[in-house]
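Spelled out from the first residue to the last, the chains are:
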Amino acid sequence: MPCSNLTMWVSSKPSISDTSSLSFRFQLNPVRLFRHTSLPSTQSQSSSSNSIQCGLRELRGRIDTVKNTHKITEAMKLVAAAKVRRAQEAVINSRPFAETLVEVLYSINEQLQLEDVDVPLTNVRPVKKVALLVVTGDRGLCGGFNNAIIKKAETRIAELKDLGLDYTVISVGKKGNSYFRRRPFVPVERFIKGGNFPTAKEAQAIADDVFSLFVSEEVDKVELFYTKFVSFVKSDPVIHTLLPLSSKGAVCDGNGNCVDVEEDEYFRLTTKEGKLTVERDSVRRETAEFLPNLQFEQDPVQIVDALMPLYLNSQILRALQESLASELAARMSAMSNATDNAAELGKTLSVAYNRERQAKITSEILEIVAGAEALT
Amino acid sequence: MTLNLCVLTPNRIVWDSEVKEIILSTNSGQIGVLPNHAPVATAVDIGILRIRLNDQWLTMALMGGFARIGNNEITVLVNDAEKGSDIDPQEAQQTLEIAEANLQKAEGKRQTIEANLALRRARTRVEAINVIS
């Protein structure tokens, strides 16, 4: 391409030359001849090359910007990768609790099947109002993560409207908060996710809120919207019916499928052939050590009363942790793409810059040579 | 014959070792558990758990849950647990005052329920520091 420019320049020479103010004109005219689009800001020569049209100085500026962006996105990717590991550990730490709880719940439920136990949290009332607990992230730059879950919530809201049911939204996470704030809906409470990792305290605060809403009969059904972590590149927004809990101890999700409380799923970060992969394992708990003479210190009702909030808590915490892991994975993948794009763009710009630089040098040389020739 | 105590919260395992005796606060009062206790399942109230290791008593604030005692294995599942030694007295006192103020301000059934729970928790934390033996 520079060569073609050069020939043009050379061919235009006879029409303007023969005067001593040769060099001056040669500098100006090529600029006017070769400028295709209007880029008035160029102070140096402009040339067209592969659809990048701007001056040397501008190109340099752009290359610097792209390099900075590349550094930032790469750093963000690494940070997200490190955090996913921590999120993973948090999930693992919460497993003993969840496992034991499930075991206890199961064994107690078996003994209570025969009795007529009335637990407020399992009350199946005719549904007039539904609470939607939506878990989103705090920050952006994570691809389609926040949008996916919000869209799911919107779809559900439309469904509820069609069914003629009233609804209210509890939003967890800054992104969800700002979204629902901009829409004059009926949100109940707005939680700002405190810090990076969801703690039991936060889960308890949310659980308290949900609990009091349900028990005071302000809502008749509570649904949990969170993102399930499937793999590093895939995460699914799911709906999980939190309340009412089915009295069998099993919980049904939004489609009416029952998720058996005995099974427990978790994901594990491992290295397979040197690459980070995720393995989803399902553990079937055998009810170990069934104590036949287990006496209930209090009324079975009270015991179940104490267990249900624990279960609620652990469900919510689990949802928060999975959401966080999904968000981090989405951010990792988005930043990885951004880094690759930045690297590519940087390369393209560099090539264009070098071409222009060389063209400039070549034209200067030719100028000098021509000038020298003209003098001799 | 020693008792093995396991205190689990959703976040982490707070305690997992052997003890000599514990005193647990339940909904129907306090119960003491010595080795070879009969199997019992009980709900745990928001209150103090006292642990004895060799004539030394430790306190832990528990935020409600469930306990299962059987075969010299005690499993306590609680929403949150804090060792008395880990609680900052100033901060606990402040939290208590804030919780009391919130209860005064509470309107409606929902807020009253929440405020009550928060108050009980704050009170337990303060007690956990004060009660040493």
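Fair warning: this is a prediction, and the values are worked out from it, not measured in the lab. (Residues numbered from 1 in each chain as written. Chains lettered and ligands numbered in written order. Predicted model: local features only at pLDDT ≥ 70, side-chain atom pairs only at ≥ 80, totals over all residues. Heavy atoms only, no water.)

## Here's the deal with the overall build of chain B
From N to C terminus, chain B includes 2 helices and 8 strands. When the helices and strands of chain B are placed in sequence order, the string is β-β-β-β-β-β-β-β-α-α. In terms of overall size, chain B behaves like a compact globule, its C-alpha atoms giving a radius of gyration of 16 Å where 133 residues would be expected to give roughly 14 Å. Expressed as lengths along the three principal axes of its C-alpha atoms, the size of chain B is roughly 50 × 30 × 25 Å. Across the 133 residues that make up chain B, the buried fraction comes to 50%. In chain B, the share of contacts with a sequence separation of at least 24, taken over all contacts with a separation of at least 6, comes to 52%. (Helix = DSSP H or I, 4+ residues; strand = E, 2+ residues; numbered from the N terminus. Rg over C-alpha atoms; globule rule 2.2 N^0.38 Å. Buried < 20%, exposed > 50% of the residue type's maximum accessible area, 1.4 Å probe, protein only. Contact = heavy atoms within 4.5 Å.)

## Section: the UniProt feature "domain: ATP synthase epsilon subunit C-terminal" (unreviewed entry) in chain B
As annotated by UniProt and renumbered to match this structure, "domain: ATP synthase epsilon subunit C-terminal" (unreviewed entry) occupies residues 86–129 of chain B. Between the end C-alpha atoms of residues 86–129 of chain B the distance is 9 Å, and the span holds 89% helix and 0% strand. (UniProt positions renumbered as here; feature names shortened; annotations may be inferred.)

## Brief notes about the packing of aromatic side chains
Residues and elements named next belong to chain A. In this structure the tally under the stated criterion is 1 aromatic pair over all chains. Between Y179 and F180, the aromatic rings sit 5.2 Å apart at their centres with planes inclined by 85°, giving edge-to-face as the arrangement. Overall, the relative accessible area of 2% leaves F180 in the buried class. The cationic tip of R183 hangs over the ring face of Y179; the distance from NZ or CZ to the ring centre is 3.9 Å. (Phe/Tyr/Trp six-rings, centres within 6.5 Å; stacked < 30°, edge-to-face > 60°. Lys NZ or Arg CZ within 6 Å of the ring centre and 35° of its normal.)

## Regarding the interface of chain B and chain A
Across the contact, 35 residues belong to chain B and 38 residues belong to chain A. Across the chain B to chain A interface the summed buried area is about 3100 Å²; carbon plus sulfur atoms make up 60%. Interface area lost by chain B to chain A is led by B:P10, B:R68 and B:R110, which between them contribute 22%. Applying the counting rule to chain B against chain A returns 1 salt bridge. (Buried area = accessible area lost by both parts, 1.4 Å probe. Salt bridge = Lys/Arg side-chain N within 4 Å of Asp/Glu carboxyl O.)

## Looking at the environment of A:D208
On the secondary structure map, A:D208 appears in helix 7 (residues 200–215). On the basis of relative accessibility, which here comes to 17%, the residue A:D208 falls in the buried class. In this structure the C-alpha to C-alpha distance between A:D208 and A:L312, which are 104 residues apart in sequence, comes to 9.3 Å. The contacts of A:D208, once residues within four sequence positions are left out, are B:L117 and B:R121. At 3.0 Å, the side chain of A:D208 and the side chain of B:R121 are in polar contact. (Polar contact = N/O pair within 3.5 Å; in protein donor to acceptor, adjacent residues only side chain to side chain.)

## Overview of the pairing of strand 5 (residues 235–243) of chain A
Side chains on a regular strand alternate between the two faces of the sheet. Residues and elements named next belong to chain A. Pairing of strand 4 (residues 221–229) with strand 5 involves 8 bridges; the strand directions are antiparallel. Within strand 5, the position partnered with K228 by the bridge is D236. Hairpin connection between strand 4 and strand 5: a loop of 5 residues separates the two successive antiparallel strands. (Pairing = 2+ DSSP bridges.)

## With respect to helix 6 (residues 174–181) of chain A
Within an α-helix, residues lying three or four positions from one another point in the same direction, as the helix has 3.6 residues per turn. Of all the residues in helix 6 of chain A, the buried ones are A:G176, A:N177, A:Y179 and A:F180. Each buried residue of helix 6 of chain A sits inside an arc of 165° when the element is viewed along its axis, so together they form one side. (Arc of directions from axis to C-beta.)

## Some words on the nonpolar core
Residues and elements named next belong to chain A. Of all hydrophobic cores here, the largest spans 23 residues; its most connected members are L133, I206, V210, V222, L242 and I316. If you list the elements that add at least two residues to this core, you get strand 1 (129–135), strand 2 (166–172), helix 7, strand 4, strand 5 and helix 8 (300–375). Per element, the largest residue contribution to this core is 6 residues, and it comes from helix 7. The contact partners of L133, leaving out residues within four places of it in the chain, are I170, V172, I206, V210, E223, L224, F225, L242 and I316. (Core = buried A, V, L, I, M, F, W, Y, C linked by side-chain atoms within 4.5 Å.)

## A few points about the packing of helix 7 of chain A against helix 8 of chain A
All names here are of chain A. Contact geometry of helix 7 with helix 8 gives a least axis separation of 9 Å together with a crossing angle of 120°. Classified by the angle between their axes, helix 7 and helix 8 sit oblique to one another. Read as a crossing pair, helix 7 and helix 8 show a hand that is right-handed. For the pair formed by helix 7 and helix 8, the contact residues are A200, A203, Q204, I206, A207 and F211 on the first element and P309, L312, N313, I316, L317 and L320 on the second. (Axes fitted to C-alpha atoms, helices over the stretch in contact; angles between N-to-C directions. Parallel < 35°, antiparallel > 145°, perpendicular 65-115°, else oblique. Left-handed = near helix turned anticlockwise from the far one by under 90°.)

## Re the domain arrangement of chain B
All names here are of chain B. You can read the domains of chain B as domain 1 (1–81) and domain 2 (87–129). Relative to domain 2, the C-alpha centre of domain 1 lies at a distance of 24 Å. Here domain 1 packs against domain 2, burying approximately 640 Å² in sum over the two surfaces, 71% of which is carbon and sulfur. Of all residues in domain 1, I46, I48 and M63 bury the most surface against domain 2, accounting for 67% of the area lost on that side. Linking domain 1 to domain 2 there are 1 salt bridge. Connecting domain 1 to domain 2 are 2 residue pairs in polar contact (both at pLDDT 80 or more). Contributions of two or more residues to the side of domain 1 that touches domain 2 are made by strand 5 (40–53) and strand 6 (56–70). When grouped by side-chain class, the residues that make up the side of domain 1 that touches domain 2 number 5 nonpolar, 2 polar and 1 charged. (Domains from an automatic or database assignment. Nonpolar A, V, L, I, M, F, W, Y, C, P; charged D, E, K, R; others polar.)

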